[in-house]
Amino acid sequence: MNNESLLNKIQTASRKVGKTWPLYSFVTSNPLSGFENIPFQNAIQDAGSLLGANVLPNSVTFRQAWENGEINRKELVALLNENGINQTPDECLLQMDSSKKIKVQNSNAKLDRMMVKWLMAFLDEGLAEWEMPYKEDGFYRAWRILAVYDDEIDVEFLSNIPQDSIDALAQVLETYTEQEQLIIMEYHLAALPGWIGYIKFREETNSNWQQEYNITLQDYLAVRLWLANHIKAEIIPSNDQHIYNPNQKIQYLWLKAWERSWQNNLVKDLKKQTQETKILDSAKVPDAQMVFCIDTRSELIRRNVESTGNYETFGYAGFFGIAMDYVNMDDGLSRKSCPPIVPSNYIVSETPQQDKSKHFAKHQKRNARVRFTDYFLRRMKNMLPSAFGYVEGSGVFYGISLLSRTLIPAKLYNPKQKNRQSHEKVCTPEIEYSLIAGVDTIITLKEKTAIVKSAFDLMGWRQFSPLVLFVGHGSHSANNPFGSSLDCGACAASPGRHNARMLAKMANLPEVRNSLKYDHDLHIPEQTVFLGAEHNTTTDEIVVFDSEIPDFHKEQLLRLKNDLGKAQQAASQERLGGPTKCIASAHRKANDWAETRPEWGLARNAGFIVGPRSLTKNINLNGHCFLHSYNWELDKNGEALEGIMQGPMVVTQWINNHYYFSTVDNEKFGAGSKITHNITGKFGVVQGNGGDLKLGLPLQSVNESDEKNYHQPLRLSVLIQAPKERIQEILLRNENLKNLLDNEWIYLLVMDPLTKNKIERYQKGMQWVPSRTFHEEFVESI
């Protein structure tokens, strides 16, 4: 059997399983990314059959939306009739209620359990005190050596197992046809998609753990198929492996009607806004300008910041255009801090400020004590000789700690956060070196200038205030394995403050400003100062990192901080339903170790709006939309818009799909209930004591209760204000973007300013439908 042919089949089969990111960098992504080259409707049929999963909202979800008036009757009936379905909406709901997916018994449950046992042992990243032997030899070789000691496998001699993984694969597959071999690989890779997704992550990122303890899909399949053959498990799937609900067509049409109804409401609000918007005095410079991430949670805080004074806000992808890895000075670990689809170009670390060397030394000593204490306590708890005595002696102190975190979590929150942000007061971010040339080099002035200029170009920036804040965001919660999923997705599930501070520093450099002025005709006033900041999405607080601000700006900054405090109060009150002590309530949720839902994250995301703030400033979008600033008049050749569509638009589609699939089948695509979560190997979560590695969001992140959804599972609707011809040219140059639209993974609506902001909807094959076909008629029918 040809080895190269086998490896090619593994590569092809693995495309149908998405990647699973580790808990410390839990990036939201499309679990069906391997199916994006085919229409969404076909993709969900194929994936549902392969993975044994629900792929569309169920009748309970549709009934909730129907009763809440979220699905317009006219849109729904029209879609049903167009597709030959003459039932009324109520009859459709009853039919969906009465028909459930038939669950088929997993005939390979024993094989799955055996594989999970070996994967948990081999992939452990420091949680276990005793490591699996021979890990440095790689997964297949380590398993082969140890398999003879596993009574469950019951193999007497090591010579009974092939020496190499490729030989083991060939031994099992040689009696099957080429087509059957591919089917077998797809079937066995899809049996544990969470674990397979993490192996893919390890292979593609080539992390330190992967370099030291290598595991490949080839090794995995070799072990699994050899075991399947050995224990007489099912190798090739039977024809009736998964039997599905016959109502999938009706469910899909209901989904489309729901999505169109949502689009109708958005278009109606935007048209009203554009008709009512007055021409603003462009000569009036705001007191301060703030750049927030495009994250849906920013929409709430931006509205409330703008309402407190003469402030202008922008939306920009939260990595602020710096494709970097950030080296944490507290633990020395390097983490990606830019979108997963973007290669890192820079390594950024912290440098002590010149006048604060004494403060820096104290900070370092304190961190050293904390690290040693954590290490010592962990060793005392886990080492067999000391464990019992340690528990007996320290029980009272842990009891007091648990009681405090249960009864007064809000009071413990502020001291914890002040300590967390301490190094920003004594350090400044510094790019250690650039990786653009393929080797480590010093970053050039040209690169620094390009990063700063790109930010202003993409946002369509016209003028500069005395104070400009780049506001990254992060989420703070206690006892939350999926905490990183609430941080900045554009920063690969890291907080965005590192990128914000780095961009602010570069924009303040005199040599960068001179280059912008003389080489690019971009004038930044001398009195303008750029600052990094962080928006805490759990508490709505905005912390400004102002340790290096000039004295003549301090009074302005004091006023701004006071207004940011007012914005926090108003935003918290709106978000938490108006409790009298809303900030204290937010602090409690952030620091309560028993809180299953510290915040909603990006739940209810449904739209991505690309245009000036004037389009949405007076609309309460209720956190449904990503907002990216863009001024088509300043983007003469369309380069800025092309960058937005290639980057942020694709990332928001991934986020949207992650929430969609985690909602429609939380057990298969999500993470199930947090109540029974069990962390394995420091990198992932399983339910109880085993099973598949969870690849999506917990139930509590998308549902109000076990039965009632909070997130509305709708595909992303993108609306761009720009000339339609410009967008068509971009799509023709980027086949991947056109495919996402043609295959309906994304909807696109264009507001063309050259035709009085007429809105049209994209259809397959570069066709456009005027918005009146699904908007004006809707309005007339009310």
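Further up the page is the structure itself.
Residues numbered from 1 in each chain as written. Predicted model: local features only at pLDDT ≥ 70, side-chain atom pairs only at ≥ 80, totals over all residues. Heavy atoms only, no water.

S.K.: I'm lost on helix H7 (residues 139-147) in this one. Help?
M.R.: Turn by turn, an α-helix covers 3.6 residues, leaving residues three or four places apart pointing in a common direction. Within H7, seven of the nine residues are buried, which leaves it mostly tucked inside the rest of the structure. Taken together, the buried positions of H7 are Phe139, Tyr140, Ala142, Trp143, Arg144, Leu146 and Ala147. Packing partners of the buried residues in H7 comprise helix H6 (109-123), helix H8 (165-173) and helix H12 (217-230). (Buried < 20%, exposed > 50% of the residue type's maximum accessible area, 1.4 Å probe, protein only. Helix = DSSP H or I, 4+ residues; strand = E, 2+ residues; numbered from the N terminus. Contact = heavy atoms within 4.5 Å.)

S.K.: Even after reading the chapter, I still don't get the side chain of Ser349, so can you show me in this structure?
M.R.: You can see Ser349 is positioned in strand E5 (residues 346-352). A distance of 2.7 Å separates polar atoms of two side chains, one belonging to Ser349 and the other to Glu432. Ser349 has contacts with Val327, Thr428, Pro429, Glu430 and Glu432, leaving out every residue within four places of it along the chain. (Polar contact = N/O pair within 3.5 Å; in protein donor to acceptor, adjacent residues only side chain to side chain.)

S.K.: Help me understand the pattern of salt bridges, please; the structure alone is not making it clear to me.
M.R.: Side chains that differ in sign of charge can pair as their charged atoms come close. As enumerated under the stated definition, the model contains 34 salt bridges in all. Between Glu152 and Arg113 there is a salt bridge, with its nearest N and O atoms 2.7 Å apart. With a gap of 39 residues between them, Glu152 in the loop between H7 and H8 and Arg113 in helix H6 connect regions that are remote in the sequence. Beyond isolated ion pairs, a larger network of salt bridges with shared partners links Arg113, Lys117, Asp150 and Glu152. (Salt bridge = Lys/Arg side-chain N within 4 Å of Asp/Glu carboxyl O.)

S.K.: I keep staring at the sheet that holds strand E17 (residues 767-770) and nothing clicks. Help me out?
M.R.: Sheets are built from strands paired through backbone hydrogen bonds, the pairs being either parallel or antiparallel. If you trace the six strands from one edge of the open sheet to the other, you get E11-E10-E14-E15-E16-E17, paired in mixed fashion. Each end of this open sheet is capped by a strand with a single partner; those strands are strand E11 (625-629) and E17. Strand-to-strand twist across the sheet, computed as the mean angle between neighbouring axes with direction ignored, equals 25°. For strand E10 (residues 607-611) and strand E14 (residues 716-721), the ladder comprises four bridges, and the chain directions are parallel. Looking across to E14, one finds that Val610 is bridged to Ile720. Docked against the sheet, helix H13 (residues 248-276) engages E10, E11, E14, strand E15 (746-752) and strand E16 (758-763), running at close to 20° with respect to E15. (Pairing = 2+ DSSP bridges. Axes fitted to C-alpha atoms, helices over the stretch in contact; angles between N-to-C directions.)

S.K.: How should the pairing of E15 be read in this particular structure?
M.R.: Across a regular strand the side chains alternate sides, sitting on one face of the sheet and then on the other. The element E15 is largely enclosed, with a buried count of seven among its seven residues. Side chains Ile746, Leu748, Val750 and Asp752 project from E15 onto one buried face, and the interleaved Tyr747, Leu749 and Met751 project onto a second face that is buried too. Bridge analysis of E14 against E15 gives six bridges, and the strand direction is parallel. When the sheet's bridge partners are listed, Val718 is paired in E15 with Leu748. When E15 meets E16, the two strands line up antiparallel, connected through four bridges.

S.K.: How should I be thinking about the packing of helix H9 (residues 178-190) against H12 in this particular structure?
M.R.: The description of two helices packed together rests on the angle between their axes and the distance between the axes. Packing of H9 against H12 brings their axes to within 11 Å, and their N-to-C directions diverge by 95°. Classed by the angle they form, the pair H9 and H12 counts as roughly perpendicular. Taking contact as the criterion, the partners of Ile184, Met185, His188 and Leu189 in H9 are, on H12, Leu217, Tyr220, Leu221, Arg224 and Leu225. Across the contact of H9 with H12, the residue classes break down as seven nonpolar, one polar and one charged. (Parallel < 35°, antiparallel > 145°, perpendicular 65-115°, else oblique. Nonpolar A, V, L, I, M, F, W, Y, C, P; charged D, E, K, R; others polar.)

S.K.: Would you explain the packing of aromatic side chains in this entry?
M.R.: The geometry of an aromatic ring pair is captured by the separation of the ring centres together with the interplanar angle, meaning the angle of the planes. Inspection of every chain in the model, using the stated rule, returns 31 aromatic pairs. Taking 5.1 Å as the distance between ring centres and 85° as the angle between the ring planes, the aromatic pair formed by Phe40 and Trp745 counts as edge-to-face. Placement of Phe40 in helix H2 (residues 40-51) and of Trp745 in the loop between helix H27 (735-742) and E15 is noted, with a sequence separation of 705 residues between them. You'll find Phe40 and Trp745 in the same group, each marked buried. For the pair Tyr198 and Phe683, a centre-to-centre distance of 4.5 Å together with 0° between the ring planes defines the contact as stacked. One end of the pair, Tyr198, is in helix H10 (residues 193-205); the other, Phe683, is in the loop between strand E12 (677-680) and strand E13 (684-687), and 485 residues separate them in sequence. Accessibility expressed as a relative area gives 1% for Tyr198, which makes it buried. We classify Phe683 as buried; its relative accessible area is 1%. Pairwise contacts between aromatic rings join Phe314, Tyr316, Phe320, Phe456, Trp461, Phe464, Phe470 and Phe530 into one cluster. The ring of Tyr710 has Arg604 lying over it, and the distance from NZ or CZ to the ring centre is 4.0 Å. Stacked on the ring of Phe40, the Lys or Arg Arg715 has its end atom at 4.4 Å from the ring centre. (Phe/Tyr/Trp six-rings, centres within 6.5 Å; stacked < 30°, edge-to-face > 60°. Lys NZ or Arg CZ within 6 Å of the ring centre and 35° of its normal.)

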